[in-house]
Structure formats: structure tokens, C-alpha cells
Amino acid sequence: MSERSGFVGGQRQGRLGYDPRLIGLGLLAGGVAGLVWAGSRQRYYAKHGPPAMIEWERVRKTAHRIVAESAVDAGWHASWESYYRDMVARCYPLITAEMGRALPAPVDKIDAFTRTEWIDANIAQFEKLFDVLENIYKSVQKPNSLGTAVMGEMSQGLLSTQMGALLGYLARRVLGQYDLSLLGKEEVSAGRLYFVEPNIAGVQAELGLNADDFRLWIALHETTHAYEFEAYPWVREYFNSVLEEYFALLSDDLVQFGTGVNGLRGMVDRVRSNITTGDNWVESVMSPEQRALFSKLQALMSIIEGYSNYIMNAVGERLLPSYHMIKDRIEQRANNRSQIEKLFIKITGLALKMEQYRLGETFINEVVASRGIETANRIWEGPEFLPTLEELRNPQDWIARTNS
């Protein structure tokens, strides 16, 4: 049989099954469609302005597709929220005794979440955090420039999909969260505790843990976060002030680099000069001033996470019969991640979060072993008592500085 055999609509095909005339017609039609699209987009951009940095509805849909969970039964929320409210209430006297300070007012916003509800709650907070950058981003876009707008639309699609994928990944793994509403206008007592029950139930069943012990262990960690911020209001104020400074520097970057080829070239030059100065890829895109603020945030988050781990373990060891089983199996689970998951964690910067837990917990443990919990609790006396990243790695330097 000839290689030219085969007909479509009576027209003999070429050797590879394509007629050059049809290709020409396709290119012509595509070109016309492109011109029509470009004209419509130009008019749209002229009327509505350039595209936003992130399309939050795309973020939401991407993340929701990843978790793809069924609806919960009626009464599910009320039942689990009552359960976790009791768990948190059990934690208050235990944490108060360990920290030596009572919480001014109990956290009254306690939610049992599905994975999609956790996604929606975090998107609402991310939108607030990105408001400042969105405004600066739009202000540096060239007005009525189709090329800039199209590039912005492509960038928006990429960023939105990436953020949606990250939230979808986290939504399948996060067990609990203290939501501080950073950069918000709420009072200090407006923090909320989230418990992502489908994930908690999944890990508890997978590892064969005692259900109540495991949930109390998680509640201890998250309730300690509430103590750290709400018993010491300066922590939230300090956190916000550093974030505001950092966002201001990011805004300066957007103005300096813009959104075109020259801006990209400037950022590439910065990354090239930072290759050997940062500990991770996140720092490679930062200016020296941004890295200094980033170090402050890293040190603060390390203390917040490490201290919570210390309390969770110190109280849990005395309180929970299955404490050692919980701790050992959780650590084994973390060490047995697949290579794909390890790569994802590295690329997204989540490895920094895990380093915070390790570094902060090691610091607190050494300070307590050396000088007792009273000395460790000095970190909550004010910003000047917070350890630097270097002191986190060398706790005795912090002890010498704060006890001189």
C-alpha cells in the first residue's frame, strides 16, 4: 500500500498526512484569531488595567482540585469543634504551669476544618498580605502596553498555579494552625486555632496512634502558639513591623526592576552575585537589606516553632502514656518521605520551615538544660531578648548576652 493512501473529505493527503494548503489556511486563520484576540485584550487592559500579580480564584480552584474531598456530614463541624474546644481548655493550665504565665483571655475561635476549608481560610489571609505588593505591581506596569500586559497575564497564570499547587500540597498535610491574621487590623485576641481533622485522622490511623493522645499532643503545640502571641503582644507587633519593612523593600524592587526585560536582567544579575552568599535559593533573589530582615523573621519563627515543640514535648512526656510512641512514629514518617516529596519541599522553600523546628527546638532544649526554663522564658521579655540566627546555632552566646 502506498504511503500516500488515505483520504479526508476527498482530498489526498501529503506524505505525513498534511496538505500544505491546509497548513497555510490554518496559519492564516490563527493569525486572524490572534489579531482579534490581541485587539480585544488591548481594549480590556486599557479599560480595566493590567492583570493582577495573582488570580486568587485560580489559586483556589487549583488547590481544591488537588485535595478533591467529599462533603462532610451534617453536624461534623459542631461535633469536632466541641471536641477540640475541650482539648484546648485542657491545655491552658498545663501550658500556664510550664511557661509561668497565664493567658490574658482564652482563644475563643476554634475551628475544625476540612482540607478545602483550610485552603479558603489561608487564601483569605494571603490576599491581605499581597494587597500592598499588588498595588505596587500595577503601578509599575506600562499603561496600554499589550506586550507588558500579556507577559503579566502569563506570569499571573504561572504564579497562581504554583501557589495553588503549594496550598493543595499543604492542605493534605497540615494538622493544626494558629492563624494570627498578620498585617490585619484585628485585636491581639482575634487569633484563631484551626484543626484539619481529615489529616489528623489520616495520620493517627496510618501510624496506629492513640486518638485522644495524638490530638492532645497537636493541641498543645498550637495552643502554645496562641500563648506566644497573645500573652506577649509585642511578638505580634514585632512580627508585623518586620513584615512591613520587608514588604516595603519588595515594593522598592518592583519599582527598581519593573516588569520588562531590563527588570529580569537586573534580577538575574542579583542572583548571580548572591550565589555564594546565601544558604538557600530563597536568599539568592534578595538584596542585603532583605536578607537581614529575612534573618530576623527566620530567627523569630525558629523560636516560635522550637518553643512550641519544647512545651508540647515537656508536657506531653508527663501527661500522655503514648508520648514516646507518638514522637518516634512522627519522626520516622518524616524521615521516610519519597524523593519526589523531598524535591518538592526543597524547591518550594518548605525545607526552611522544617529547619525552623529543628534549630529552635535544639536552642530551647540546650538553654533549659543549661539554665532552666526560667532563663529560656526570657526570650518573651522583648525584641532585644530574641536570639539572632547565629545565637540560635550557639545558645551559650545568647545566654552570655542576655544574662550579663
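Summarised in this report is the structure supplied together with it. Bear in mind that the values here come from a model prediction, so they are computed numbers and not experimental data.

About the criteria used
Residues numbered from 1 in each chain as written. Predicted model: local features only at pLDDT ≥ 70, side-chain atom pairs only at ≥ 80, totals over all residues. Heavy atoms only, no water. Axes fitted to C-alpha atoms, helices over the stretch in contact; angles between N-to-C directions. Helix = DSSP H or I, 4+ residues; strand = E, 2+ residues; numbered from the N terminus. Parallel < 35°, antiparallel > 145°, perpendicular 65-115°, else oblique. Left-handed = near helix turned anticlockwise from the far one by under 90°. Contact = heavy atoms within 4.5 Å. Nonpolar A, V, L, I, M, F, W, Y, C, P; charged D, E, K, R; others polar. Core = buried A, V, L, I, M, F, W, Y, C linked by side-chain atoms within 4.5 Å. Buried < 20%, exposed > 50% of the residue type's maximum accessible area, 1.4 Å probe, protein only. Salt bridge = Lys/Arg side-chain N within 4 Å of Asp/Glu carboxyl O. Pairing = 2+ DSSP bridges. Phe/Tyr/Trp six-rings, centres within 6.5 Å; stacked < 30°, edge-to-face > 60°.

Looking at the packing of helix α6 (residues 197-207) against helix α7 (residues 211-230)
Argument step 1. Running from N to C, α6 and α7 point in directions that differ by 130°, and their axes come no closer than 10 Å. Accordingly, the angle class assigned to the pair α6 and α7 is oblique. Considering how the two elements wind past one another, α6 and α7 form a crossing that is right-handed. Listed contacts from α7 to E197, I200, A201, V203 and Q204 of α6 are A211, F214, R215 and I218.
Argument step 2. Of the residues contributing to the contact of α6 with α7, the split by class is six nonpolar, one polar and two charged.

Regarding the nonpolar core
Argument step 1. Counting residues in hydrophobic clusters, the biggest one holds 89 residues, and the most contacted among them are W118, F195 and F214.
Argument step 2. No other element matches helix α11 (residues 288-319), which puts 13 residues into this core.
Argument step 3. Setting aside chain neighbours within four positions, we find W118 in contact with F113, L167, L170, A171, V174, Q177, Y194 and V196.

Focus: the packing of α7 against α11
Argument step 1. Axis separation between α7 and α11 bottoms out at 8 Å; the angle between their running directions is 135°. Here α11 runs oblique to α7, going by the angle between their axes. For the crossing formed where α7 meets α11, the hand is right-handed. Of α11, the residues touching α7 (which contributes L216, W217, L220, H221, T224, H225, E228 and F229) are I303, I304, E305, Y307, S308, N309, I311, M312, N313, V315, G316 and L319.
Argument step 2. The residue makeup of the contact of α7 with α11, split by class, is 11 nonpolar, seven polar and two charged.

Brief notes about the pattern of salt bridges
Argument step 1. Summed over all chains, the structure comprises 10 salt bridges.
Argument step 2. Salt-bridge contacts for R60 lead to E57; the nearest nitrogen and oxygen are separated by 3.3 Å. Taken together, the positions of R60 and E57, both in helix α2 (residues 56-67) and three residues apart, correspond to about one turn of that helix.
Argument step 3. The class for E57 is partly exposed, based on a relative accessible area of 39%.
Argument step 4. For the salt bridge of R401 with E391, the shortest nitrogen-to-oxygen distance reads 2.6 Å. Taken together, the residues R401 in helix α17 (residues 395-402) and E391 in helix α16 (residues 389-393) connect sequence positions 10 residues apart.
Argument step 5. Note on R401: relative accessible area 36%, which makes it partly exposed.
Argument step 6. What you see here is one network of salt bridges that share partners, running through E57, R60 and D120.

Focus on the pairing of strand β5 (residues 192-196)
Argument step 1. β5 sits mainly inside the fold: four of its five residues count as buried.
Argument step 2. Here strand β3 (residues 110-113) runs beside β5; their pairing, made up of four bridges, is parallel. Among the inter-strand pairings, F113 is bridged to a residue of β5, identified as V196.
Argument step 3. Of the strand pairs in this sheet, strand β4 (residues 176-179) and β5 are connected by four bridges, and their pairing is antiparallel. Pairing of D179 across the sheet is with R192, part of β5.

Some words on the packing of aromatic side chains
Argument step 1. A full pass over the atoms with the stated rule returns 14 aromatic pairs.
Argument step 2. Taking 5.3 Å as the distance between ring centres and 85° as the angle between the ring planes, the aromatic pair formed by Y83 and Y84 counts as edge-to-face.
Argument step 3. Given the relative accessible area of 0%, Y84 is considered buried.
Argument step 4. Both rings, one in F214 and one in W217, keep their centres 6.2 Å apart while their planes meet at 25°; by these two values the pair is stacked. Of this pair, F214 and W217 both sit in helix α7, three residues apart, which is roughly one turn of that helix. This pair shows no difference in class: F214 is buried, exactly as W217 is.
Argument step 5. A network of ring pairs unites the aromatic residues W80, Y83, Y84 and F195 as a single cluster.

Considering unusual backbone geometry
Argument step 1. For A68, which is not glycine, the phi dihedral falls at a positive 40°.
Argument step 2. Tracing the chain through its elements places A68 in the loop between α2 and α3 (76-99).
Argument step 3. With relative accessibility at 61%, the residue A68 sits in the exposed group.

Let's talk about the environment of R236
Argument step 1. Mapped onto the secondary structure, R236 falls in helix α8 (residues 233-257).
Argument step 2. A relative accessible area of 8% places R236 in the buried class.
Argument step 3. Here the alpha-carbon distance between R236 and L180, two residues 56 residues apart in the chain, equals 8.0 Å.

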